[in-house]
Amino acid sequence: MDRFIGHGLTCIRGERLVFSGLGFTLESGGALVLTGPNGSGKSSLLRLMAGLLAPAAGTLTWNGEAVASDREAHGGRLHYVGHLDAVKPVLSVMENVAFWANLRPGGGPAAAEAALAVFGIEHLAGVPGRFLSAGQRRRVNLARILAAPAPLWLLDEPTTALDRAAVATLEAAIASHRQAGGMVAAATHTPLSLGSAQTLDLGAFETEVAA
Amino acid sequence: MENLSQLLEMGGYARFVWPSFGLTLAVLVGLLVVSRRALKGAEAELAALQSAIPGRLQPADTADEA
Amino acid sequence: MDRFLSLVGRDLHLAQRHGFDSLLVVVFFIIAVVLFPFGVGPEPNILARIAAGVIWVAALLASMLSLERLFQTDYEDGSLELLLLAPLPLELVVLAKVAAHWLTTGLPLIVAAPLLAVLLNMNGAGFAVLVAALALGTPTLSLVGAVGAGLVLGSRRGGVLLSLLVLPLFIPVLVFGVGAVDGAIGGFAFRSPLLILGGMLLAALALCPWASGAALRQALG
Amino acid sequence: MHRFANPTRFMRLSAALLPWTAGAALALIAAGLYLGLFGSPADYQQGESVRIMYVHVPSAWMAMFCYTFMAGASAVGLIWKHPLADLAAKATAPVGACFTLLALITGSLWGKPMWGTWWEWDARMTSVLVLFFLYLGYIALINAFDDPTRGLKAAAILALVGFANVPIIKFSVDWWNTLHQPASVFKAGGPSIDPSMLAPLLLMGVGFTVYFLWVLMLRLRTEIVAAKVRALRLRQVRSGAPATPSGATPLGAKG
């Protein structure tokens, strides 16, 4: 049973205080949906959770241990899907996914192949990234997170450019990830149906401008 | 008078000594003027903004830490 | 170690798929050196006198030109975020990228240098030392350059800015690189400048990945 | 915790100190100039041209001092994340660059009658020239980003990397210089310096330092006021109030 807890988090981007005093608790099997208007800090919170951004105040702990104390370990237990798909135009779909899978424990070519199949892009395995549509690139990026296991998924607008069927596939993937004891935090403004998810409205933590 | 011309001549080195002192003073005064003007400009902008924004007189950013 | 090698391999693979664009750097290096005889005249004595300096300065400029792309493409397509989150130290990621960069740009420069030394009528005694000095010096350039390349990510005018940041820091490598070659040609000690170049490489190996990692973190933070 | 670093204390302190530093700087520099021009003898070798020393040497001191100060402030900013330290480093850079430029130009004006050339590739002048490039790089980097805090952080790292390099550059320039010019015509200052020459030199040195503090406070106040202006503009944008026409302001990175 893993526990990922954020406490009293404050985020400053540039000179703007994005949010302050924010807390959350995620446990194995749990899901956290981030909502709020543009600029309320959904992406910032996900980057904070990933460790890409350091909180200006507050702590993030994984099973009681501060995330900041061991960045590599934290990186190893999470998958982050940001706004950019990290698909290299000159590498084939398979090479793209396999590279990221190989960097992590438990990932490999076989897992990469299975992940492509889940998102219905196995027929594109040999196609270089530059020929892909936006939706296909997004599916390659999502296949990446299936290709190596990690307990925590951080998804920033994962449904961008996806069609109905692909969204359903993603929902199913998230459901089975949670069933296996994984946890998910996702920012989205299109409805993504995640059973029994907590919702965190970042609009509530919006604060006055800081100098 | 003789002293003054002697001073100005600088033992024949006038064209090296006086530019050195002159340039140093010019740069230091110039830097000071530019810095002061920037400060006055910023302060004027802040004052204009504060009067343009209705409501609180004292902006939140000068308040003490939370 | 496997992951380190797979990172190096990926960058080499990418370079190869791009048709070894990086070899253009070597072409730049050669053209830059070839310009000098047109500038200073074709007299063999003069060319021989300045050969080491010209080759080193051109090598400095060539490796600086290629540095801009070191992190830029990964930064633009989101790969850099994922590399930061990979379960291995960021310093190793930087080191892997620098290694790949050196293999695709520094190494070809070393190969081309003796050819240019011939064109510039350099004394034969300097050839071996020139190659040795470049072999010790160009990795230092790549390492120091990686710090600058990390710092300018996301700035306006990355390329010009990078040269302004990095070239002054390249001066020690230039001084001792040329010193070694001139020493060998003039018949005095060339060991100590080579040793100093080696020492600078070790210091750069220890410090630059760390500084470059800090630069990347703040670029993505 | 300096997360919401509160500049009010600095603003109050600097407002109180400004007139004093201004007065002290003016008095010290005036006294130094008087002694340097009237109250000190000419050098038996260099004649009256030695008076250039009273502006050249303090400028060179300040060039080094400002860089050290900038690197120290950057380290404080990086380690303790104190925003005032970052701003202090930023405010120092142009002052240091001015002193470095003065050291170079007055050195050149001194070199012409002494060495017969405007520019001698001697070790000291060359390393000061490189120092000038380091300042230029720092200033260029800090201004190269749309988000001001991003520039501050990048430049702080650069200041430290540059500072670590200063001794290496100095060492390599010395080495290079001894290789290329075994004997210099000019032996700096002589073994000992007469008290009548030391007094104006020290007065100018202290005067320049106080002047630096004066300008630093002015520039730091400017930075803080500018940050407040940006914060107000940001609030204006967010609350949808009508914007005042003057000057566009860069916004922080999007959330």
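The notes below deal with the structure included here.

Scoring rules and cut-offs
By convention here, each chain's residues receive numbers from 1 onward along its written sequence. Lettering for chains starts from A, numbering for ligands starts from 1, and both go in the order in which the items are written. With the structure being a predicted model, the display of local features is reserved for residues of pLDDT at least 70 and the display and counting of side-chain atom pairs for 80 or more, all residues being used for whole-chain, interface and lining totals. Each side-chain value is derived from all of the structure's non-hydrogen atoms; neither hydrogens nor water enter the calculation. The helix count covers DSSP runs of H or I at least four residues long, the strand count covers runs of E at least two residues long, and both are numbered beginning at the N terminus. C-alpha atoms define the radius of gyration in this analysis, and the globule rule sets the expected value at 2.2 Å times the number of residues to the power 0.38. For the exposure calls, accessible area comes from a 1.4 Å probe over protein chains only, and a residue counts as buried if that area is under 20% of its type's maximum, exposed if over 50%, partly exposed in between. Residue contacts follow a heavy-atom distance rule, with two residues in contact if any of their heavy atoms lie within 4.5 Å. Areas reported here follow the Shrake-Rupley algorithm with a probe of radius 1.4 Å; residue values treat only the protein chains shown as occluding. A residue counts as positive if it is Lys or Arg and as negative if it is Asp or Glu; His and the chain ends are not included. In this description, the location of a charge corresponds to atom NZ of lysine, CZ of arginine, CG of aspartate or CD of glutamate. Strand pairing is defined by DSSP finding a minimum of two bridges between the two strands. Between N-to-C directions, angles cover 0 to 180 degrees, with each direction set by a line fitted to C-alpha atoms, over the stretch in contact for helices. Values labelled buried area give the accessible surface lost by two parts on being combined, using a 1.4 Å probe and summing over both. The term salt bridge refers to a side-chain nitrogen of Lys or Arg lying within 4 Å of a carboxyl oxygen of Asp or Glu. A 3.5 Å cut-off defines polar contacts: any pair of N or O atoms within that distance qualifies, except that in protein one atom must be a possible hydrogen donor and the other a possible acceptor, and neighbouring residues in sequence count only when both atoms are side-chain atoms. By the convention adopted, Pro, Cys, Tyr, Trp, Phe, Met, Ile, Leu, Val and Ala count as nonpolar, Lys, Arg, Asp and Glu as charged, and the other residues, Gly among them, as polar. Only buried residues count toward a nonpolar core. Its members are Ala, Val, Leu, Ile, Met, Phe, Trp, Tyr and Cys residues joined through side-chain atoms within 4.5 Å. Each patch is built from salt-bridge-free residues with over 30% relative accessible area, joining like charges within 9 Å and nonpolar side chains (Val, Leu, Ile, Met, Phe, Trp, Tyr) within 5 Å. Classification of ring pairs uses Phe, Tyr and Trp, with its six-membered ring standing for Trp, and accepts pairs whose centres are within 6.5 Å; under 30 degrees between planes counts as stacked, over 60 as edge-to-face, and the remaining range as tilted. An angle below 35 degrees is treated as roughly parallel, one above 145 as roughly antiparallel, one from 65 to 115 as roughly perpendicular, and anything else as oblique.

Each helix and strand counted, chain A has six helices and nine strands in total. Computed over its C-alpha atoms, the radius of gyration of chain A comes to 17 Å, within 12% of the 17 Å expected for a compact globule of 211 residues. When the backbone C-alpha atoms are referred to their principal axes, chain A occupies close to 50 × 30 × 30 Å. Within chain A, the proportion of its 211 residues that are buried is 55%. Within chain A, contacts between residues separated by at least 24 positions form 71% of all contacts whose residues are at least 6 apart in sequence. Looking at chain A as shown, the accessible area adds up to about 7,900 Å², and 55% of this sits on carbon and sulfur atoms. Put simply, chain A has 16 plus and 17 minus side-chain charges, and the middle of one group is 4 Å from the middle of the other.

A few words on the overall build of chain B. For chain B, the count of helices and strands is two helices and zero strands. By residue count, 29% of the 66 residues in chain B fall in the buried class. Of the roughly 4,200 Å² that chain B leaves accessible, carbon and sulfur atoms contribute 62%.

For the rest of this paragraph, the subject is the side chain of Asn96 of chain A. All names here are of chain A. One can find Asn96 in helix α3 (residues 93–102). A residue is classified by how much of its surface remains accessible, and Asn96, at 3% relative accessible area, is buried. Excluding anything up to four places from it in sequence, Asn96 contacts Ala86, Val87, Lys88, Leu91 and Val140.

Attention shifts here to the sheet that holds strand β6 (residues 78–81) of chain A. Residues and elements named next belong to chain A. Sheet architecture is open: five strands sit in the order β6-β7-β8-β3-β9, paired in parallel fashion. The open sheet terminates on both sides in strands that have one partner only, identified here as β6 and β9 (198–201). Pairwise comparison of adjacent strand axes, ignoring direction, gives a mean angle of 15° for this sheet. Where strand β7 (residues 152–156) lies against strand β8 (residues 183–187), five bridges are found, and the strand directions are parallel. Bridged to Asp156 within β8 is Ala187. Relative to the sheet, helix α5 (residues 134–146) contacts β6 and β7, its axis offset from that of β6 by approximately 175°.

Residue-level contacts link 45 residues of chain D with 39 residues of chain B. Buried surface at the junction of chain D and chain B, both sides included, amounts to about 3,900 Å², of which 77% is carbon and sulfur. Put simply, chain D and chain B have one salt bridge between them. Notably, a salt bridge pairs Glu45 of chain B with Arg233 of chain D, separated by 3.0 Å at the nearest N-O pair. Among the elements of the structure, α1 (8–37), α2 (53–80), α3 (83–115) and α6 (195–239) of chain D are those that each provide at least two residues to the side of chain D that touches chain B.

This part covers the interface of chain C and chain D. Reports often express the size of an interface as the amount of accessible area lost when the parts come together. Counting from both sides, the interface comprises 27 residues of chain C and, opposite them, 27 residues of chain D. Taken together, both faces of the contact between chain C and chain D bury some 2,200 Å²; the carbon and sulfur share is 76%. Linking chain C with chain D are one salt bridge, by the criterion used here. Ionic pairing is found between Arg156 of chain C and Asp146 of chain D, a salt bridge with its closest N-O pair at 2.6 Å. Our count for the chain C to chain D interface comes out at five residue pairs in polar contact (both at pLDDT 80 or more). Mapped onto the side of chain C that touches chain D, the elements with two or more residues apiece are α7 (127–151), α8 (158–186) and α9 (191–220) of chain C. Element by element, the count of residues in the side of chain C that touches chain D is highest for α8 of chain C, at ten residues. Partitioning the side of chain C that touches chain D into residue classes produces 21 nonpolar, four polar and two charged.

With that out of the way, let us pick up the pattern of salt bridges. In a structure, side chains of opposite charge can pair up when their charged atoms sit close to one another. Residues and elements named next belong to chain A. By the definition in use, this model includes 14 salt bridges over all chains. Residue Arg138 pairs with Asp85 through a salt bridge whose shortest N-O separation is 2.9 Å. Separated by 53 residues along the polypeptide, Arg138 in helix α5 and Asp85 in the loop between β6 and α3 bring together distant segments of the chain. In terms of burial, Arg138 and Asp85 fall into one category: buried.

Residue and element names in this part refer to chain A. By the element assignment, Cys11 lies in strand β1 (residues 3–13). With a relative accessible area of 1%, Cys11 lands in the buried category. Once the C-alpha coordinates of Cys11 and Gly58 are considered, the two residues, 47 residues apart in sequence, prove to be 9.1 Å apart. Every residue in contact with Cys11, bar those within four places of it in the chain, is listed here: Arg16, Leu17, Val18, Phe19, Ser44 and Leu48.

Before going further, it helps to examine the nonpolar core. Counting residues in hydrophobic clusters, the biggest one holds 201 residues, and the most contacted among them are Phe4, Leu45 and Met49 of chain A, Phe29 and Trp56 of chain C together with Leu141 and Tyr211 of chain D. Not counting residues up to four positions away in its chain, the partners in contact with Leu45 of chain A are Leu9, Phe19, Leu22, Leu34, Leu200 and Leu202 of chain A.

To continue, consider a nonpolar patch on the surface. Residues and elements named next belong to chain C. On the surface, a nonpolar cluster with roughly 930 Å² of combined accessible area is contributed by Leu24, Val27, Ile31, Val34, Leu35, Phe36, Phe38, Val40, Ile46 and Leu119. Take the nonpolar patch: its biggest share by element is eight residues, from helix α2 (residues 23–40). Within the secondary structure, Phe38 is located in helix α2.

Taken as a whole and judged by the stated rule, the model has 18 aromatic pairs over all chains. Between the aromatic rings of Phe176 of chain C and Trp175 of chain D, the centroid separation amounts to 4.8 Å while the plane-to-plane angle is 45°, which identifies the pairing as tilted. Note that Phe176 of chain C is positioned in helix α8 and Trp175 of chain D in helix α5 (residues 148–180), a pairing that runs across two chains. With a centroid separation of 6.3 Å and 35° between ring planes, the pair formed by Phe65 of chain D and Phe69 of chain D is classed as tilted. With a gap of four residues between them, Phe65 of chain D and Phe69 of chain D both fall in helix α2, about one helical turn apart. By relative accessible area, Phe69 of chain D is classed as partly exposed at 29%. A connected cluster of aromatic rings, assembled from ring pairs, spans Phe99, Phe208, Tyr211 and Trp214 of chain D.

With that out of the way, let us pick up the packing of helix α2 (residues 14–52) of chain B against α3 of chain D. Between α2 of chain B and α3 of chain D, the shortest axis-to-axis distance is 9 Å and the interhelical angle comes to 175°. Considering their axes alone, α2 of chain B and α3 of chain D lie roughly antiparallel with respect to each other. Contacts between α2 of chain B and α3 of chain D pair Arg15, Phe16, Pro19, Ser20, Leu23, Thr24, Val27, Leu28 and Leu31 of chain B from the former with Val95, Cys98, Phe99, Leu102, Ile105, Thr106, Leu109, Lys112 and Pro113 of chain D from the latter.

Backbone hydrogen bonds hold the strands of a sheet together, and the pairing may be parallel or antiparallel. Residues and elements named next belong to chain A. One open sheet accounts for four strands, arranged β2-β1-β4-β5; its pairing is antiparallel. Here the strands that pair on one side only, and so sit at the sheet edges, are β2 (16–27) and β5 (65–66). Note: strand β4 (residues 57–62) against β5, two bridges, orientation antiparallel. From the neighbouring strand, Thr61 faces β5, where its bridge partner is Ala66.

Residue Asn63 of chain A is not a glycine yet carries a positive backbone phi of 50°. Assignment of secondary structure puts Asn63 of chain A in the loop between β4 and β5. Despite not being glycine, Asn121 of chain C has its phi angle at roughly 65°, a positive value. Residue position: Asn121 of chain C is located in the loop between α6 (90–119) and α7. Take Asn121 of chain C: its relative accessible area is 37%, and that puts it in the partly exposed class.

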